[in-house]
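Tertiary structure, described
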Amino acid sequence: MTIATVNVSALKAIKNSVIGNRTAKAAWGRDEAFVGRLIECLNDPPPSVGDLDSTKVEIRTEAAHIIASLSYGSSDAMRTLLRLDAQRALLYAISTLQATDHPSLKSALTRSLRALSAAIADAVGPPQWGLSPAVSDVRLEAKIALDYLFQTEVMDVYIPLLLDPSVQVNIAIAQLLSVAVRNSEHRARIHEWCPQAERTREAKGKRGWERRDHTTSPSRQGGWISRTLTALLQRKDVKLQEAVLSALACLVRDNDVLARKLAKAPPGVESVLSVALSLAKSRNVDLQLAACLCATNILRACVHSNHDSPVFASEQAAAITIMHVLNRIIGSETVGNQARTKACFILYHLVSDHQVFCQLAFERNSLAQVANLINSITPTEKVPDFEDDEPESVSRLREAALTAVAAIALFDTDIRTAVTDDLRLIPAIQASLSNRYIGVRYAACQCARALSRAVSALRTNIVDTGLGLAVFQLFMKPDEDRQVMHAASAVICNIVTNFSPLRTAVLEQGVIPRLVQLLSGDDKELKLNALWAFKNLLYKATPDLKREVMSAIGWSEINSLLSNSDPRLREQVFHILRHIADGVDDVDFLFSEMGGSDELLGSLAEAMESENEDVVLQAVFVLANVANSPAHQKNILAHPRILRRLQDCLVDAKVEIRRPAVSCVLELSRQNPRSYRELHEAGIDATLRHMLEHTAHVSASPTVRFAAGRQMGVEDDLEVQDKARQALHWLESAHQGRLEQTQLNRDMLADMEL
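Residues numbered from 1 in each chain as written. Predicted model: local features only at pLDDT ≥ 70, side-chain atom pairs only at ≥ 80, totals over all residues. Heavy atoms only, no water.

On to the overall build of the protein chain, then. Each helix and strand counted, the protein chain has 48 helices and zero strands in total. In the protein chain, buried positions account for 52% of the 754 residues. At a minimum sequence separation of 6, the contacts of the protein chain that also span at least 24 residues come to 72%. Put simply, the protein chain shows about 34600 Å² of open surface, and 50% of that area lies on carbon and sulfur atoms. (Helix = DSSP H or I, 4+ residues; strand = E, 2+ residues; numbered from the N terminus. Buried < 20%, exposed > 50% of the residue type's maximum accessible area, 1.4 Å probe, protein only. Contact = heavy atoms within 4.5 Å. Areas by Shrake-Rupley, 256 points an atom, 1.4 Å probe, with all protein chains shown as cover.)

Time to look at the confidence of the model for the protein chain. Close reading of the predicted structure is inappropriate where its pLDDT is low. Of the residues in the protein chain, 89% have a pLDDT of 70 or more, and the chain-wide mean is 88. Across residues 697-710, confidence stays below pLDDT 50; counting only partners more than four residues off in sequence or on other chains, it has 25 contacts. (pLDDT = per-residue confidence, 0-100.)

What follows is about unusual backbone geometry. A cis geometry characterises the amide bond from G125 onward to P126, with omega recorded as -5°. Mapping P126 onto the fold places it in the loop between helix 7 (103-124) and helix 8 (139-149). Non-glycine residue D85 carries a positive phi angle of around 60°. One can find D85 in the loop between helix 5 (75-83) and helix 6 (86-95). For N365, which is not glycine, the phi torsion reads 70° and is therefore positive. Counting through the fold element by element, N365 comes out in the loop between helix 21 (355-363) and helix 22 (366-377).

This part takes up the nonpolar core. Formed by 261 residues in total, the largest nonpolar core has its most connected members in Y158, L162, I190, V351, F534 and L688. Once residues lying within four places of it in the same chain are set aside, the contact partners of F534 are I512, L515, V516, L519, V549, I553 and I576. (Core = buried A, V, L, I, M, F, W, Y, C linked by side-chain atoms within 4.5 Å.)

Buried residues dominate helix 30 (residues 467-475), accounting for seven of its nine residues. Buried within helix 30 are the following residues: L467, G468, A470, V471, F472, L474 and F475.

Here we take up the side chain of S452. Among the secondary structure elements, S452 is positioned in helix 27 (residues 438-452). Judged by relative accessible area, S452 falls into the buried class, the value being 3%. Of note is the side chain of S452, whose polar atom sits 2.9 Å from the backbone oxygen of R449. Apart from the residues within four sequence positions on either side, S452 is in contact with L458, I462, V491 and N494. (Polar contact = N/O pair within 3.5 Å; in protein donor to acceptor, adjacent residues only side chain to side chain.)

Our next topic: the pattern of salt bridges. Using the criterion set out here, one finds 32 salt bridges in the structure. Close ionic contact of R79 with D137 constitutes a salt bridge, the shortest N to O distance being 2.6 Å. With a gap of 58 residues between them, R79 in helix 5 and D137 in the loop between helix 7 and helix 8 connect regions that are remote in the sequence. Under the relative-accessibility criterion, R79 is labelled partly exposed at 25%. For D137, a relative accessible area of 51% gives the class exposed. (Salt bridge = Lys/Arg side-chain N within 4 Å of Asp/Glu carboxyl O.)

Right, let's get into the side chain of E399. Tracing the chain through its elements places E399 in helix 24 (residues 392-408). Buried E399, no salt bridge; nearest opposite-charge side chain is R396, N-O distance 4.2 Å. Setting aside chain neighbours within four positions, we find E399 in contact with G130, L131, F345, G439, V440 and A443. (Lys, Arg positive; Asp, Glu negative; His and termini not counted.)

The description of an aromatic ring pair uses the distance of the two centres, along with the angle that the planes make with each other. Per the stated rule, a full pass over the model turns up five aromatic pairs. Judged by centre distance (5.2 Å) and plane angle (80°), the ring pair of W193 and W224 falls under edge-to-face. Here W193, found in the loop between helix 11 (184-192) and helix 12 (196-204), pairs with W224, found in helix 14 (residues 224-233); they are 31 residues apart in sequence, far enough to count as distant. Comparing W193 with W224 shows no difference in burial state: the two are buried. (Phe/Tyr/Trp six-rings, centres within 6.5 Å; stacked < 30°, edge-to-face > 60°.)

So, in structure tokens, the structure goes:
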């Protein structure tokens, strides 16, 4: 398809033919000779009749337009653009721009760089909205190109154009920042960037013998980008405001320092958060969405990450404002699917893993709006060829809406009841499990996961409607997408609990072998969910079920996982052992299968020395269960390393660890009168006495407990106090008995000598 002559009219014809035409894009994109000539035209256009400068500008402009169009819609074209290094050619062309160059050329080059950068970032991931349907076959090459875009000397080329007199150029660069930044490393590089002149001044302003304070350097303060974008936000150009808000939304994500700067402003100046909330009420839907996303990311970066942490009234008011705007967009029948999709995802980002915001979304009818949307676009009965005819935009909208429902329903039982009984979403969720789009199946599984967290729903709606078994059938598919399998396996973790009516059915249909397959795979997240499911399955399980599960997993696999580098996996394995050893007979079974006391206690001691508190907690629980077996107490008492770590847990660990630790000590001291010597040598009796010092005073008030309690090793938890007191009583009684027995023996010996 190579053209014989490169001229303006030929390039315009090609540009018009590829816009919106994937077939034409693929055809031209595969033509390396043509794409190579296009890239050459960016910096060195061929001579034309009369060799007019204006003609050269037009050729460069049209070449940039075509490259921008080829960037999207064809993997063949993307592969060719990466291979021929179109990105560097665009950057070089931008770096050589002069103030006298025509604005249309500047605009075309920067928009082309933005389009190409966005396509490269999409190939690398993660996607900005929902799940990507497939991994790009040019991901490795695209990753190299994306990393190059955020090198300091490369950023020096395009970021200063935020100050260009042309609004179109400003918009293109702000949009580039909003679409190309996909990870925390690139976000930090952008945030720390400052103009080369400032960096030079910083380097020259320090004499060689002075120690530099890097924390006060311009490159570390990270203020240039945010200040510049904030200044651009004051202009009244709607497209520019939209681009700037999107860029700020991207940069402030998970950056609490920048978020607090944008949430507050000096007296007399309106903060970025306030401006965003005001612009969210504009009549332009795209501007509303950008403003809502920016305000959401500022708000979520400011509030604590703990889902049940307190939220200030001002933060709740901001969240309510965002929800009202999103509700109108989601519920509007005149707004396009793409805008409603973004609105649902912004709602998801606002409430995700935050209990207070989830409750607000329920109370402010956000859940009802999203549920009505799902029911309106999701047929619950099979319609022939329906999915084949359904536009992709509708499927993506369904994915976004289901994702929002899953997030809102994650914490509260009343909200889950509303989803199942009032809004009647289960048929739509169940129908979505068989949708051909990965994102829809994934979101439907997330909804099922949220609903299955409620015991009432698990025992009624999830069983009666067939939703639970539908997820299980999806889980059993060997060729299911990995991301969908992550979500489905999380549902299985809830389905196999001892209070689930589906537990027997899934056991009969092969859930154990399927979980073992996931455990044997390479995906760590699937391994984790498989272990989590086994942990739930073994809670209060019968001895026969315990042996069946452990036989399927294999004790060699358990031993291997106990030394895995991932603490999350080790935590779950020790939790499994905790459930295995919840009875005296089961402790014997555990010792015999783990290779004896040396192997098991050695693994426990190593785990109790871990820096991860969750691993330590489960290891101490296993030890406490083992201590309930009198036959194995002597093994614990004969293990100085275990006793030292047990004593450390009583002194330094959080209360959740101190409780099982003191329970273990209590069992050792109560059931084994001969335990005094070993526990005394480990310093445990002295530790117990210190824990109980001034306990009446410690219980007086929370302030006193913090100031005079745990900081000094004095116990402030009533349960731990009580068990420590009992354990100390048994130890002192045993010690007193030994002293009396020793004195009696001496008296008897003296009588015999007389």
